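Now for the letters of each chain:
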Amino acid sequence: MPSGGGLSAAASRAWLLAGLAAQLRHGRLLFKFGLGIAALLFLISLGASFLHIGAQYRREGQLLRSGLWMTTQAAFEAARFDAALSRYAAQALPAWQLEQRFEILYSRIKLLGSGDDPNEYTQLERLHGVLPRIAGILRVLDEDLQKLLAGEATALPRLYASYRELEVQLAAALRMLHLDQQEAADHAVTGLRSLHWTFIASAMGLLLSAGLLIALLMVETRRALRLRQQAEAAAARQSEAERTLRILMDSVPAMISTFDRKGRCLFVNEAHASFHGSEEATPQCDETGGAGNVLALVHLVLSSPGPLPFQEDSLCNASGEPRTLLTTAVAVKNDAGEAERVVVISLDITERKQAEDRIRYLAEHDALTDLPNRVLYTTRLRAMLGQAKLGLTGDFALHLIDLDRFKTINDSLGHPVGDKLLVAAAERMRTCLRRGDMAARIGGDEFAVIQRDVWSPEDARRLAGRLVRLLEEPFTIEGSVVRCGASIGTVLGPQQGNSLELLQQRADRALYHAKAEGRGCAVMFDTGMEQAWLEQRLLEAELRLALERGELTLVYQPKFCLRTDRPVGCEALLRWMHPERGPISPARFVPVAEEAGMAALLARYVLRQACAQVLAWQGEGLEVRVAVNLSAALFANDQAPALVEAALRESGMPPHLLEVELTEGVFIRDPAAAREALTRLQQFGVRVALDDFGTGYSSLSYLQHLPFSVLKVDRAFIGALQVEGSSSRLIVETILRLAHGLGAEVVAEGVETPAQLAALHELGCDAAQGFLLGLPMAPAALAEVFRTTGPSGRQVA
């Protein structure tokens, strides 16, 4: 196990040691209390013993001093003094010897007041009266002796008299001391007994103290042993907890390190050691790249009321690889509530940051072209507009780009080719940009370019023109040459729009005008476009109101069989007589309806009117087949079959009297959906006619697989039939053969001259319609045409 210690383990260990210390303190208090009682008993017994020993010592002293008095032979010395005095009186003894004898006598008598304590014998009650008298006699003897020695003969009788009195007092003292000696002997015996019992009591107290001390020692030993066992068990549990905690800390992916108040590293886990390239998780760490930074971090954490908020830091790992760490730090407090350590936790979020950056990049960029998508485009455009309005940057231009014919190429050549075309177009756009400009893909085939630092409208026009020229050049994709082209609408910011929405709206209007002018061009926004847009919105609103009021009507242009010259049907054409503006051409309001999402509403209106009219003609005894044009957009979302079915069901009209005309754009958008829709129409019993054949991207493959009943030759080929050397005759003849080979009828549109009609007769065309044969007319007039037979039937027009 690597060295180091965990924070929680250290706190638990400290708590455990504190509990054990408290128990030890409690045990020590009990031990000290018991020891104090034992010591007190011992001291009491020892003091009592000393008191008894002192008293016995004094008694023995008294006894000793009494025996000493008796052995001094004081009386004998007194007799010898008496003898010496007699010899001196007889002049047989020198004076100094007499004086010596007196001194000896005096010293023997003074023993009565000697001893270790001067008051030792004076405290004897029996000597209280004798000792003072003896002392007085000795003074008198001394005075008389000195007088005698000085030659005063009268002093000798006084000396004898004083001596006799001294003898009497000494005899009395001897009797008293004898009695005192007996009494002292009795007291000594009694004291010895008392001292004996005192010693016994002291010994018992000492034994009791020793026993109590031993008992306390045993109790304390058992307590210490128990506490030691508890400590060892707790240490074992703590060690296990520490191992578990260590394993847990080493298993987490976060880097954990601990510092003291001085910034010294105390602990690191394995994740931290691995990050810094250490073989073991030893306390050698530098979380922020320098000792000064560590100390600053420690001081910051210690001064903070709580954990530091998470922050991202950059640090190189042991391999020198820069990594991103998400770091926080928190102070650890001790039992006193003081912060003493700092724990730093760091999580390596480099992969997560990279993933977030990648996710953010994917969220803001187009996966196909790697250009910024609408999200990032909108953000950049808003920022550019805000900076320009504040004057922080110059003006800018917004170019909206729509790839012409992309839908046709994508549907005809397939989506893989369309995707590669988008990528190639995006690369060409990049080559036109300067540093700071941005190209973005904001839709399927819609792109946008934000051009910075536009100092004049000419700057924007030059870039737009360069983009148009580059995108007009052919693309080589999978070995095929593809021509696409682009239309561009440009708006200048912020002078032509001070809001994001207004800029985009006006760029859209400029793009709309570029498409209306024939595509493949760039148009700069002007205020006239705003007015045109407003007029278009007004026309849209009036068209909705006209549909609700039933102001739109149908007129019918007859079709004639060229073999019998009889009418074989008609085409319903929509007309709008505006109450204020007068007649409005379908070429104007039909595109407005489709752009506004009103194609289905308009188709439903036409189908109901046409079906109702066919039923009305049936009521007059006429059976007239009506052809109705439906928008290609209705076939892309499968609305066309549903609208036709509903109209037939609601009106009860025979399905074979309805013919649905559609253009080649239906098949180019989604051939599979078109095939399914046409199949359903045929299942209803409705005839299907392909209108304007030959003008679009005609493909023989869909003619072979799609169920057409009629092919209508566009008026562009019919108008050139009368021109000698024109290729139109050959084209029309080819269409006739192709259609007849597929079992379909051919109707020529736009027949306006007899020469055209004669040519169609000669080529074997099945039917024709046009101003020569009949103008679009009201239902009553068409009914009259059907009642008229022969060539005159065509003269009605």
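Everything numeric in this text was worked out from a predicted model, so none of it was measured.

Novice: Could you clarify how one ought to interpret the overall build of the protein chain in this entry?
Specialist: If you tally the helices and strands in the protein chain, you get 26 helices and 21 strands. Expressed as a percentage of its 797 residues, the buried residues of the protein chain come to 43%. Put simply, of all contacts in the protein chain between residues at least 6 apart along the chain, 66% involve residues at least 24 apart. Per element, the accessible surface of the protein chain, about 40900 Å² overall, is 57% carbon and sulfur.

Novice: Quick question: what am I supposed to make of the confidence of the model for the protein chain here?
Specialist: The predicted structure's coordinates, where accompanied by low pLDDT, should not be read in detail. Taken over all residues, the pLDDT of the protein chain has a mean of 82, while the share at 70 or more is 83%. Predicted confidence for residues 1-12 stays below pLDDT 50, and this span has 24 contacts to residues more than four positions away or in other chains. Throughout residues 790-797 the model reports pLDDT below 50, and contacts reaching past four residues in sequence, or to other chains, amount to 18 contacts.

Novice: Looking at this structure, I do not really get helix 16 (residues 599-619). What am I missing?
Specialist: Given a rise of 1.5 Å per residue, 21 residues ought to cover 30 Å, and the 30 Å separating the end C-alpha atoms of helix 16 matches this to within 8%. Looking only at helix 16, the buried set comprises Ala599, Ala600, Leu602, Ala603, Tyr605, Val606, Leu607, Ala610, Cys611, Gln613, Val614 and Trp617.

Novice: Would you mind going over the sheet that holds strand 7 (residues 438-441) with me for this structure?
Specialist: As a general point, the strands of a sheet are linked pairwise by backbone hydrogen bonds and lie either parallel or antiparallel. Here we have five strands laid out as an open sheet, ordered 7-8-6-11-12, and mixed in their pairing. Strand pairing shows two members of the sheet lacking a second neighbour, strand 7 and strand 12 (522-524), which therefore form its edges. Neighbouring strand axes in the sheet, compared pairwise and without regard to direction, differ in orientation by 20° on average. Two elements, strand 6 (residues 396-403) and strand 11 (residues 486-493), share eight bridges in a ladder whose sense is antiparallel. Bridge pairing links Ala397 to Leu492 in strand 11. Against the sheet, helix 12 (residues 457-472) contacts strand 6, strand 8 (446-451), strand 11 and strand 12, and its axis sits at roughly 165° relative to strand 11.

Novice: Quick question: what am I supposed to make of the nonpolar core here?
Specialist: If you look at soluble globular proteins, the nonpolar side chains tend to sit buried side by side. Of all hydrophobic cores here, the largest spans 83 residues; its most connected members are Leu552, Phe635 and Leu760. Here this core takes eleven residues from helix 16, the largest share from any one element. Excluding its chain neighbours within four sequence positions, the residues that come into contact with Leu760 are Leu562, Ile718, Leu721, Val732, Ala748, Val751, Cys765 and Ala768.

Novice: I keep staring at the pairing of strand 4 (residues 322-333) and nothing clicks. Help me out?
Specialist: In regular strands, side chains alternate between the two faces of the sheet. Here strand 3 (residues 311-316) runs beside strand 4; their pairing, made up of six bridges, is antiparallel. Bridge pairing in strand 4 links Glu312 to Leu326. Connecting strand 3 to the next strand, strand 4, in antiparallel fashion are five residues, including Gly320 with a positive phi near 85°. The pairing of strand 4 with strand 5 (residues 339-348) spans nine bridges and is classified as antiparallel. Across the sheet, the residue bridging to Leu325 is Asp348, located in strand 5.

Novice: I keep staring at the packing of aromatic side chains and nothing clicks. Help me out?
Specialist: Evaluation of the coordinates by the stated rule reveals two aromatic pairs. We note Arg428 situated over the ring of Phe475; from NZ or CZ to the ring centre the distance is 3.6 Å. For Arg509, the ring lying beneath its charged end belongs to Trp533, and the centroid distance is 3.6 Å.

Novice: When you look at helix 3 (residues 95-110) in this model, what are you seeing that I'm missing?
Specialist: Every α-helix winds through 3.6 residues per turn, so residues three or four apart in the chain are directed the same way. In this model, helix 3 (16 residues) spans 22 Å end to end at C-alpha, consistent with the 22 Å of a helix rising 1.5 Å per residue. For helix 3, every residue scored as buried is listed here: Leu98, Phe102, Leu105 and Ile109. Buried residues along helix 3 cover an arc of 60° about the axis, so they all sit on one side.

Novice: Even after reading the chapter, I still don't get the sheet that holds strand 3, so can you show me in this structure?
Specialist: Ordered in space as 2-1-5-4-3, the five strands form an open sheet in which the pairing is antiparallel. Each having just a single partner strand, strand 2 (265-268) and strand 3 make up the two edges of the open sheet. Taken over all neighbouring pairs, the strand axes of this sheet differ in orientation by 30° on average, direction set aside. Here helix 8 (residues 350-364) sits on the sheet and contacts strand 3, strand 4 and strand 5; the angle it forms with strand 4, its principal contact strand, is near 125°.

Novice: Can you walk me through the packing of helix 18 (residues 639-651) against helix 20 (residues 671-684) in this structure?
Specialist: Relative orientation of the contacting elements helix 18 and helix 20 amounts to 15°, with a least axis distance of 9 Å. In this view, helix 18 runs roughly parallel relative to helix 20, as classed from their interaxial angle. The chirality of how helix 18 crosses helix 20 is right-handed. Across the interface between the two elements, Pro641, Val644, Glu645 and Leu648 from helix 18 touch Ala677, Arg680, Leu681 and Phe684 from helix 20. Of the residues in the contact of helix 18 with helix 20, the class split is six nonpolar, no polar and two charged.

Novice: Can you walk me through unusual backbone geometry in this structure?
Specialist: Cis geometry is adopted by the peptide bond preceding Pro494, which originates at Gly493 and carries an omega value of 0°. Position of Pro494 among the secondary structure elements: in the loop between strand 11 and helix 13 (500-516). The backbone phi angle of Asp370 is positive, close to 65°, even though this residue is not glycine. When you line up the elements, Asp370 lands in the loop between helix 8 and helix 9 (374-389).

Novice: What am I meant to see in the pairing of strand 18 (residues 687-693) here?
Specialist: The buried fraction of strand 18 amounts to six of the seven residues, a majority that puts the element mostly inside the structure. Looking at chain direction, strand 17 (residues 658-662) and strand 18 are connected through four bridges and run parallel. Residue Leu662 lies in a different strand from strand 18, and its bridge partner there is Leu690. In the sheet, strand 18 pairs with strand 19 (residues 710-713) via three bridges, with the strands oriented parallel. Looking across to strand 19, one finds that Ala689 is bridged to Val710.

Novice: Sorry, what's going on with the side chain of Thr350 here?
Specialist: With respect to the helices and strands, Thr350 occurs in helix 8. Owing to a relative accessible area of 5%, Thr350 belongs among the buried residues under this scheme. Not counting residues within four places of it along the chain, the set of residues in contact with Thr350 comprises Arg323 and Thr324.

Novice: Would you mind showing me how to read the side chain of Gln536 here?
Specialist: Relative to the elements of secondary structure, Gln536 occurs in helix 14 (residues 527-549). Take Gln536: its relative accessible area is 12%, and that puts it in the buried class. With residues up to four places along the chain from it excluded, the contact list for Gln536 reads Tyr512, Val592 and Glu595.

Novice: What exactly am I supposed to notice about the pattern of salt bridges here?
Specialist: Think of it this way: side chains of opposite charge can pair up when their charged atoms draw near. For the coordinates displayed, the defined rule picks out 40 salt bridges. Here Arg549 ties to Glu551 by a salt bridge, and the two come within 3.7 Å at their closest N and O atoms. According to the relative accessible area criterion, Glu551 is partly exposed, its value standing at 26%. Between Lys712 and Glu661 there is a salt bridge, with its nearest N and O atoms 2.7 Å apart. Linking Lys712 in strand 19 with Glu661 in strand 17, this pair joins segments that are 51 residues apart in sequence. Each member of the pair, Lys712 as well as Glu661, carries the same accessibility label: buried. Through salt bridges with shared partners, one network takes in Lys559, Glu571, Glu659, Glu661, Arg687, Lys712, Glu745 and Glu749.

Reading the values: rules and limits
- Residues numbered from 1 in each chain as written.
- Predicted model: local features only at pLDDT ≥ 70, side-chain atom pairs only at ≥ 80, totals over all residues.
- Heavy atoms only, no water.
- Helix = DSSP H or I, 4+ residues; strand = E, 2+ residues; numbered from the N terminus.
- Buried < 20%, exposed > 50% of the residue type's maximum accessible area, 1.4 Å probe, protein only.
- Contact = heavy atoms within 4.5 Å.
- Areas by Shrake-Rupley, 256 points an atom, 1.4 Å probe, with all protein chains shown as cover.
- pLDDT = per-residue confidence, 0-100.
- Expected span 1.5 Å × (residues − 1).
- Pairing = 2+ DSSP bridges.
- Axes fitted to C-alpha atoms, helices over the stretch in contact; angles between N-to-C directions.
- Core = buried A, V, L, I, M, F, W, Y, C linked by side-chain atoms within 4.5 Å.
- Phe/Tyr/Trp six-rings, centres within 6.5 Å; stacked < 30°, edge-to-face > 60°.
- Lys NZ or Arg CZ within 6 Å of the ring centre and 35° of its normal.
- Arc of directions from axis to C-beta.
- Parallel < 35°, antiparallel > 145°, perpendicular 65-115°, else oblique.
- Left-handed = near helix turned anticlockwise from the far one by under 90°.
- Nonpolar A, V, L, I, M, F, W, Y, C, P; charged D, E, K, R; others polar.
- Salt bridge = Lys/Arg side-chain N within 4 Å of Asp/Glu carboxyl O.

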